[in-house]
Amino acid sequence: MTSYSFLQHYWCFLVSLLGALLVFLLFVQGANSMVRSLGYTEEGRRLIINSTGRKWELTFTTLVTFGGAFFASFPLFYSTSFGGAYWLWMAILFTFVLQAVSYEFQNKLGNILGPKTFQWFLIINGLVGPLLLGGAVATFFEGSNFIIAKDNLIDAESFTPIISRWANASHGLDALLNPWVLVFGLAVMFLARVLGTLYIINNVDDEDIRSRASVRLIGAAVPFLILFVAYLVHLLLKDGYAYNDEGVIYMEPYKYLDNFITLWPLTILFLVGVVMVLFAIGKTVVSKDYIKGIWPAGIGVVLVVLPLLLMSAWNHTAYYPSTADLQSSLTIVNSCSSEFTLRTMAIVSLLIPFVLAYIVYAWYAIDKKKLTKEEIEKDHAY
């Protein structure tokens, strides 16, 4: 019989894994953000859009599944973040709606806005989407401005079902005033451009686009590495949000450095992932014939992001700190669903490997043949 604590850590792992897969799938946004610089001609731009158009549903579906898994396993986080910081999440979802509309309507008959308008919508999604998602993730370490009042449920005189509220009127947008949130958000944005470039090099069989992509790869990789290293150093040196066995939240010096040391198997995965990403970037830049960089980079990104997210929650760490009221900070203990709910969902989660196997097979079937100019003229094209 599994313990309640194990189930809390298990679901934290699954949600973090979904988050790591989502960051990898942001290659769609990264490639779209460079659609006009990679494709100088209209034909070249259509090649890039049709390449990412085959995968954009995976990113959107993973984003929705990530939110759904959070809601089911840690409902207090869902109600606090998605319900309180709704301007931030609405901005994220709006950019993804722009993406979906742009794919379907840019070349439809009767499009009075013209294809270029929808291409710019894709570029906006490619830049703003990863930036805001990265900013939202950064709040797991930097904190957000909310207050939890569970007494509202038990106080007969002031009973109200609302137990969490934002402490100001910005409803999440205030996070962007924190420079470290912006640093992490920009790092995710440039990482998406790195992944998008590697994906296009692998998926599009066009020498002109591939040669231009190699140059763009350097332009995305350098700022990503600078921003990521800067934030990592900041994270290891900053005070972190810890809690004791009684659930009392307190500030602990070098908390995240301690997590990297204590949770050393995760640190090893993190370092392996870093090496894989650097290998993919380096070999693609050095070798003109190497086009498979998206795979070591993609696996590496998952191996980096998964431990990083777990470091924000495991080892008695508050994964959603409150800067307005320290004791309102959320942990995997005080924000999770009931033991019965977590146990029931854990049984359903055993189907996940079969779903992943289907996704891998479908991806392989779609990509057996590289995308060419001739193919988008014959088959369904965006």
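You'll find the structure just up there.
What you see is a predicted model, and the numbers here were worked out from it, not measured in a lab.

Caption draft 1: Focus on the overall build of the protein. The number of helices and strands found in the protein is 16 helices and 4 strands. Over its C-alpha trace the protein gives a radius of gyration of 22 Å, about what one expects of a compact globule, namely 21 Å for 382 residues. Its C-alpha atoms give the protein principal-axis dimensions of about 70 × 45 × 45 Å. Sorting the 382 residues of the protein into buried and exposed places 52% on the buried side. Taking the contacts inside the protein whose residues are at least 6 apart along the sequence as the reference set, 77% of them involve residues at least 24 apart.

Caption draft 2: Highlighting the pattern of salt bridges. Taken as a whole and judged by the stated rule, the model has 3 salt bridges. Ionic pairing is found between Glu 207 and Lys 288, a salt bridge with its closest N-O pair at 3.9 Å. With Glu 207 in helix H10 (residues 207-237) and Lys 288 in the loop between helix H12 (264-286) and helix H13 (294-311), this residue pair connects regions lying 81 residues apart in the sequence. Among the residues examined, Glu 207 registers a relative accessible area of 49% and is labelled partly exposed. You can call Lys 288 exposed: its relative accessible area is 69%. We note a salt bridge from Arg 343 to Glu 339, for which the minimum N-O separation is 2.4 Å. Residue Arg 343 and its partner Glu 339 are located together in helix H14 (residues 339-348), separated by 4 residues, close to a single helical turn.

Caption draft 3: Region of interest: empty space enclosed by the protein. Tallied over the full model, the rule gives 1 cavity of 30 Å³ or more. Lining the largest cavity, in full, are Ser 81, Ala 85, Leu 88, Trp 89, Ala 136, Thr 139, Ser 144, Trp 166, Gly 172, Ala 175 and Tyr 320. Sorting the residues of the lining of the largest cavity by element identifies helix H7 (86-105) and helix H8 (115-142) as the ones contributing at least two each. Classifying every residue of the lining of the largest cavity gives 7 nonpolar, 4 polar and no charged.

Caption draft 4: Quick peek at the pairing of strand S4 (residues 249-252). The pairing of strand S3 (residues 240-243) with S4 spans 4 bridges and is classified as antiparallel. Bridging across to S4, Gly 240 finds its partner in Glu 252. The antiparallel pairing of S3 with S4 creates a hairpin that spans 5 residues between the two strands, and Gly 247 there sits at a positive phi of about 85°.

Caption draft 5: Fine view of the layout of surface pockets. Taken as a whole, the largest pocket holds about 1,000 Å³ of empty space. As for the largest pocket, its lining consists of 34 residues, and the residues nearest its centre are Leu 21, Leu 25, Thr 62, Leu 356 and Ile 359. Contributions of two or more residues to the lining of the largest pocket are made by helix H1 (4-25), helix H5 (56-73), H13, H14 and helix H15 (352-366). Grouping the constituent residues of the lining of the largest pocket by class yields 23 nonpolar, 7 polar and 4 charged. Quantified by volume, the second largest pocket comes out at close to 620 Å³. Residue lining of the second largest pocket: 39 residues in total, with Val 23, Val 137, Phe 184, Val 305 and Leu 308 positioned closest to the centre. Breaking the lining of the second largest pocket down by element, the ones donating at least two residues are H1, H5, H8, helix H9 (179-203), H10, H12 and H13.

Caption draft 6: Spatial organisation of the packing of H10 against H12. Here H10 crosses H12 at 160°, and the two axes come no closer than 11 Å. Comparing the axis directions of H10 and H12 gives the class roughly antiparallel. Here the hand of the crossing between H10 and H12 comes out left-handed. Only Phe 270, Leu 278, Ile 281, Thr 284 and Val 285 of H12 make contact with H10, whose side of the interface consists of Leu 217, Ile 218, Ala 221, Leu 225, Phe 228 and Leu 232.

Caption draft 7: Structural view of H5. Here H5 is 18 residues long and its end C-alpha atoms lie 26 Å apart, about the 26 Å a rise of 1.5 Å per residue gives. Among the residues of H5, Trp 56, Thr 59, Thr 62, Leu 63, Phe 66, Gly 67, Ala 69, Phe 70 and Ser 73 are the ones counted as buried. The buried residues of H5 occupy an angular sector of 165° when the element is viewed end-on, so they sit on one face.

Caption draft 8: Region of interest: the side chain of Ser 73. Inspection of the secondary structure puts Ser 73 in helix H5. For Ser 73, a relative accessible area of 0% corresponds to the buried category. A distance of 2.6 Å separates a polar side-chain atom of Ser 73 from the backbone oxygen of Ala 69.

Caption draft 9: Structural view of the nonpolar core. Judged by nonpolar contacts, the single largest core of 108 residues is most densely connected at Phe 74 and Tyr 319. Counting residues per element, this core draws most heavily on H9, which supplies 15 residues. What Phe 74 contacts, discounting residues up to four positions off in sequence, is Gln 8, Trp 11, Cys 12, Ala 69, Tyr 319, Ile 332, Ser 335, Cys 336 and Ser 337.

What counts as what
- Residues numbered from 1 in each chain as written.
- Predicted model: local features only at pLDDT ≥ 70, side-chain atom pairs only at ≥ 80, totals over all residues.
- Heavy atoms only, no water.
- Helix = DSSP H or I, 4+ residues; strand = E, 2+ residues; numbered from the N terminus.
- Rg over C-alpha atoms; globule rule 2.2 N^0.38 Å.
- Buried < 20%, exposed > 50% of the residue type's maximum accessible area, 1.4 Å probe, protein only.
- Contact = heavy atoms within 4.5 Å.
- Salt bridge = Lys/Arg side-chain N within 4 Å of Asp/Glu carboxyl O.
- 1 Å grid on protein atoms, 1.4 Å probe; cavity = no way out; pocket = protein on both sides within 12 Å on 5 of 7 lines; lining within 4 Å.
- Points joined across faces, edges and corners; volume = space filled by probe spheres on them.
- Nonpolar A, V, L, I, M, F, W, Y, C, P; charged D, E, K, R; others polar.
- Pairing = 2+ DSSP bridges.
- Axes fitted to C-alpha atoms, helices over the stretch in contact; angles between N-to-C directions.
- Parallel < 35°, antiparallel > 145°, perpendicular 65-115°, else oblique.
- Left-handed = near helix turned anticlockwise from the far one by under 90°.
- Expected span 1.5 Å × (residues − 1).
- Arc of directions from axis to C-beta.
- Polar contact = N/O pair within 3.5 Å; in protein donor to acceptor, adjacent residues only side chain to side chain.
- Core = buried A, V, L, I, M, F, W, Y, C linked by side-chain atoms within 4.5 Å.

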